[in-house]
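Coordinate analysis (summary)
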Amino acid sequence: MNTTSATTSAAAPGRIVLLTTSHRVAPGLLSWPAWQALRSADRVLCADGAHPQLPYLREAGTAVDEAAPSAEELVAACAGGRTVVVVATGEGEPALTDGLARLAGSGRVQMPELELLPASYDLPGARLLDLVQVMDRIRAECPWSSRQTHKGLAKYGIEEAYELVEAIEDGDREELREELGDVLLQVVFHARIAEEDPEEPFSIDDVAGTIVAKLIHRHPHVFGDETATTPEEVKAHWLRTKAEEKRRTSVTEGVPLGQPGLALAAKLASRVRTAGLDVPLPAGEGFGYELLALAARAEAEGVDPEAALRAAARAYRDVIIKTEGN
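Before going into details, it helps to say that this report is about the structure given with it.

Rules of the game
- Residues numbered from 1 in each chain as written.
- Predicted model: local features only at pLDDT ≥ 70, side-chain atom pairs only at ≥ 80, totals over all residues.
- Heavy atoms only, no water.
- Axes fitted to C-alpha atoms, helices over the stretch in contact; angles between N-to-C directions.
- Helix = DSSP H or I, 4+ residues; strand = E, 2+ residues; numbered from the N terminus.
- Parallel < 35°, antiparallel > 145°, perpendicular 65-115°, else oblique.
- Left-handed = near helix turned anticlockwise from the far one by under 90°.
- Contact = heavy atoms within 4.5 Å.
- Phe/Tyr/Trp six-rings, centres within 6.5 Å; stacked < 30°, edge-to-face > 60°.
- Expected span 1.5 Å × (residues − 1).
- Polar contact = N/O pair within 3.5 Å; in protein donor to acceptor, adjacent residues only side chain to side chain.
- Nonpolar A, V, L, I, M, F, W, Y, C, P; charged D, E, K, R; others polar.
- Patch = residues over 30% accessible without salt bridge, like charges linked within 9 Å, V, L, I, M, F, W, Y side chains within 5 Å.
- Areas by Shrake-Rupley, 256 points an atom, 1.4 Å probe, with all protein chains shown as cover.
- Salt bridge = Lys/Arg side-chain N within 4 Å of Asp/Glu carboxyl O.
- Lys, Arg positive; Asp, Glu negative; His and termini not counted.
- Charge placed at Lys NZ, Arg CZ, Asp CG, Glu CD.
- Buried < 20%, exposed > 50% of the residue type's maximum accessible area, 1.4 Å probe, protein only.
- 1 Å grid on protein atoms, 1.4 Å probe; cavity = no way out; pocket = protein on both sides within 12 Å on 5 of 7 lines; lining within 4 Å.
- Points joined across faces, edges and corners; volume = space filled by probe spheres on them.
- Pairing = 2+ DSSP bridges.
- Disulfide = S-S within 2.5 Å.

1. A few points about the packing of helix H7 (residues 150–170) against helix H8 (residues 173–194)
- Taken N-terminus to C-terminus, the directions of H7 and H8 make an angle of 160°; their axes are 9 Å apart at the nearest point. The angle between H7 and H8 falls in the class roughly antiparallel. The handedness of the crossing between H7 and H8 is left-handed. Every residue of H8 that contacts H7 at His150, Leu153, Tyr156, Gly157, Glu160, Ala161, Glu163, Leu164, Ala167 and Ile168 is listed here: Glu175, Leu176, Glu179, Leu180, Asp182, Val183, Gln186, Phe189, His190, Ile193 and Ala194.

2. What to know about the packing of aromatic side chains
- Going through the model one piece at a time under the given rule, you end up with 2 aromatic pairs.
- Ring geometry for Trp144 versus Tyr156: centroids 6.1 Å apart, planes at 75°, classification edge-to-face. Here Trp144, found in the loop between helix H6 (127–141) and H7, pairs with Tyr156, found in helix H7; they are 12 residues apart in sequence, far enough to count as distant.
- Ring plane angle 65° and centroid distance 6.5 Å describe the contact between Trp144 and Phe189, whose orientation is recorded as edge-to-face. With Trp144 in the loop between H6 and H7 and Phe189 in helix H8, this residue pair connects regions lying 45 residues apart in the sequence.
- Three or more aromatic residues joined by ring pairs form one cluster here, namely Trp144, Tyr156 and Phe189.

3. Points about helix H14 (residues 305–325)
- The end-to-end C-alpha distance of H14 is 30 Å, a good match for the 30 Å that 21 residues give at a rise of 1.5 Å each.
- The N-cap residue of H14 is Asp304: its side-chain oxygen and the backbone nitrogen of Glu306 are 3.0 Å apart.

4. Observations regarding the packing of helix H12 (residues 261–275) against helix H13 (residues 287–300)
- Taken N-terminus to C-terminus, the directions of H12 and H13 make an angle of 55°; their axes are 8 Å apart at the nearest point. When the interaxial angle is binned, H12 and H13 end up oblique. Relative to H13, H12 is oriented so that their crossing is right-handed. Residues Leu262, Ala265, Ala266, Ala269, Ser270 and Arg273 of H12 touch H13, and the partners they reach there are Leu291, Leu292, Ala295, Ala296, Glu299 and Ala300.
- Each residue belonging to the contact of H12 with H13 can be placed in one class, and the counts come to 9 nonpolar, 1 polar and 2 charged.

5. Quick look at a negative patch on the surface
- On the surface, Glu159, Glu163, Glu166, Asp172, Glu174, Glu175 and Glu178 cluster together into a negatively charged patch.
- Put simply, the parts of the chain that give the negative patch at least two residues each are H7 and H8.
- Of note, Glu178 is situated in helix H8.
- Taking the relative accessible area as the measure of exposure, Glu178 reaches 47% and is therefore partly exposed.

6. Considerations on the layout of surface pockets
- Volume-wise, the largest pocket comes out at about 400 Å³.
- In terms of lining, the largest pocket is formed by 15 residues, of which the most central are Leu239, Lys242, Arg248, Val251 and Arg271.
- Residue assignment for the lining of the largest pocket shows that the elements contributing at least two residues are helix H11 (231–246) and H12.
- Element by element, the count of residues in the lining of the largest pocket is highest for H11, at 6 residues.
- A class-by-class count of the residues in the lining of the largest pocket yields 5 nonpolar, 4 polar and 6 charged.

7. Considerations on the sheet that holds strand S4 (residues 83–87)
- Judged by pairing direction, the sheet is parallel, and its 5 strands sit side by side in the order S3-S2-S4-S1-S5 without closing on themselves. This sheet does not close on itself; its edge strands, each paired only once, are strand S3 (65–66) and strand S5 (113–118).
- Those strands touched by helix H2 (residues 32–40) are strand S1 (15–20), strand S2 (43–46), S4 and S5, and its axis lies near 135° from that of S5.

8. Some details on the state of the cysteines
- Under the defined criterion, the tally for this structure stands at 0 disulfides.
- Cysteine Cys46 is unpaired, with the sulfur of Cys78 as its nearest cysteine sulfur at 16 Å.
- Using a relative accessible area of 0% as the deciding quantity, one classes Cys78 as buried.

9. As for empty space enclosed by the protein
- For the coordinates displayed, the defined rule picks out 1 cavity of 30 Å³ or more.
- The space that makes up the largest cavity amounts to roughly 40 Å³.
- If you go around the largest cavity, the residues you meet are Val132, Met135, Asp136, Val188, Ala191, Arg192, Glu195 and Ile204.
- Where the lining of the largest cavity is concerned, the elements lending two or more residues are H6 and H8.

This is a description of form; function is not addressed.
Below, the structure written as C-alpha cells:
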C-alpha cells in the first residue's frame, strides 16, 4: 500500500451501527441485514450483559464485548474505517445517541457514518404482550388489584362499555382510543383472574383462541368455500353457524335480560323477525307495553331504539343547559 492510501485508510471515520431489537420477538430471530452487519463488524458491543440476544449471538459465533462506551470512545473505536455494532438495550441507548449528536454538532470531530438498523420488528398486536405483562405484575403486587374478583369487576365492565359508546357518539377520536383501552383492560384483567381458578383455569391465550376459532367458523365466506357478496348474506352465514354451535331450543336463549329495557325489547323483536316467527306483542296497558311496541317498530325499521332515545336525551340535556344559561 502506498503512503497516500495508508493515510486515507487511517483517516477514514468508520461506521457505527445501532442495532435495535424487539423484546416481543423471540431472541435470535433477527433480519438478514442484521446478521450481515454483525458478522462483518470489527467489533460488537452491548452495555447489558443480560441482554436476551447475547447467548444467541455468541452461539452463532459473534463475539460481543460487554461495554458501555461514551460517544467519544465509540467514535475513536471506529477510527481507520472500522465498523462497530452496538446492540441497543431496551431503552434504546439515549445517552449514547445524545452524545453522538452533540459531537456531530460541535464540528470538531469527523463523525463516522451512523446507521440505525432494526434487527427485529413487532408484529401487529405485539403491544398486547406488554399489556399482559403489566397486568401480571399489577395482579401480583397491587393491594387493590390482587384482591379483585370477576363479580367485583363486573360493574366496571358495564361502566367502561357505556363510556366507549359515549366516545363513539361524541366522535372524539382521542377519547375513543382511550376508552377502547379501558374496555381491553377489563378483558385482560378478567382473564388474569381466571388463571387462578383452582378448578377451571383459563388464560388470555385461551380467550383469544376461543374467539379466533369462533370468527373463523362463522366466516365460511372468508376462511371456507362459501360465498357472500352482501351484508345480508354474511348475516345469514353468521346466524346459521351460530345456531349450529349453540343448538338452542329457543330464539330467546343468549339474550341477556340485564341489558337496558329498550335494547332488550329490540333484541327480542330482532330474534323473532330473523327466525321468521309470527309472535304477536303481548297485550297490556301502561307505558311498558307502549315502549315495547315502539322498540319493536324501531327494530323493524332498522333503528336502534336505545341509541335513538339516547340521542334524543342528549339533545334534551343541551336544551336544559341552554335554558339554565338564560
